[in-house]
Amino acid sequence: MSHHLKLITSGLAAMVFMFPTAESKETPASTGGAAKSASSSDTEIVNLSPYFKGFSGTFVLLDTKTGKTIKYNPVAAAKMMPAQSTFKIFTALAGLDSGVLKGKDYLQKWDGVTRELAPWNKDQTLHTAMRDSVVWYFQDFARRIGAERMDKYLKENQYGNMDMSGGLTTFWLDSTLKISPDQQVELLRKLDKRELHFSEKAMNTTAELIELKKTPLGVLSGKTGTKGDAKHNVFGW
């Protein structure tokens, strides 16, 4: 199963976070059919448990034009979790803004180390590294951005708990950096509206990098983020 943090640039920002129910003691906010209830004038709580069979998780959908939000399991939506590879969006923004990354076709030679996933074992551009979620590429550019600049970007943009103590190349990988689904959606809203503390060019390029599909209704974009290995995922964005 693939897990996508998603953005539709025609005015919707959404994300899904889920993990096998056997891995967690958390329970969804509600069970049963597709009932729904409005908890406030701006947020509607819905029951999507039939779509989460075998998983516990949350769903958040924000209409960036009206400010209306639809949520499933709002308690889980507020819980801080490791960013995992969804942080590649932020690393791309930081790399492009700082000039460390020169554009989506910026080439980085493969270091020759064979890794578990075949698409990682070759030269990468920023475009292919984002598409195939190539960890080593973004770790290398995290080093080049440096701890001081990365910390500054995290604090300027209030990214999750802003905790880099897990190490410059690993703090987002099941480590100290955590962010909630609600905060992820706010990050996407700001990227969509070009309100983040990065250059407009960096935000435009990053928005292009995460495009998945163009439709008559808008552009569907996304970025996966999972904990686990090629055979077993513990949780996923």
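You'll find the structure just up there.
Since this is a predicted model, take the numbers as computed values, not measurements.

A. Seen up close, helix 5 (residues 147-156). Regarding helix 5, the residues found buried are Met150, Tyr153 and Leu154. The buried residues of helix 5 occupy one face: seen down the axis, they fall within an arc of 100°. A positive backbone phi angle near 50° is found at glutamine 158, which sits one or two residues after helix 5.

B. Quick look at helix 2 (residues 88-98). Taking burial as the measure, the eleven residues of helix 2 include nine buried ones, the bulk of the element. The set of residues buried in helix 2 consists of Lys88, Ile89, Phe90, Thr91, Ala92, Leu93, Ala94, Gly95 and Leu96. Glycine 99 lies just past helix 2 and shows a positive phi near 90°.

C. Highlighting the packing of aromatic side chains. All chains considered together, the criterion is met by 13 aromatic pairs. Measuring from ring centre to ring centre gives 5.3 Å for phenylalanine 90 and phenylalanine 198, while their planes differ by 75°; the resulting arrangement is edge-to-face. Of this pair, phenylalanine 90 sits in helix 2 while phenylalanine 198 is found in the loop between helix 6 (181-193) and helix 7 (200-209), placing the two residues 108 residues apart along the sequence. Given the relative accessible area of 0%, phenylalanine 90 is considered buried. Accessibility expressed as a relative area gives 7% for phenylalanine 198, which makes it buried. Chaining the aromatic ring pairs together yields one cluster made of Phe87, Phe90, Tyr153, Tyr159, Phe171, Trp172 and Phe198. We note lysine 152 situated over the ring of tyrosine 153; from NZ or CZ to the ring centre the distance is 5.6 Å.

The rules we used
Residues numbered from 1 in each chain as written. Predicted model: local features only at pLDDT ≥ 70, side-chain atom pairs only at ≥ 80, totals over all residues. Heavy atoms only, no water. Buried < 20%, exposed > 50% of the residue type's maximum accessible area, 1.4 Å probe, protein only. Helix = DSSP H or I, 4+ residues; strand = E, 2+ residues; numbered from the N terminus. Arc of directions from axis to C-beta. Phe/Tyr/Trp six-rings, centres within 6.5 Å; stacked < 30°, edge-to-face > 60°. Lys NZ or Arg CZ within 6 Å of the ring centre and 35° of its normal.

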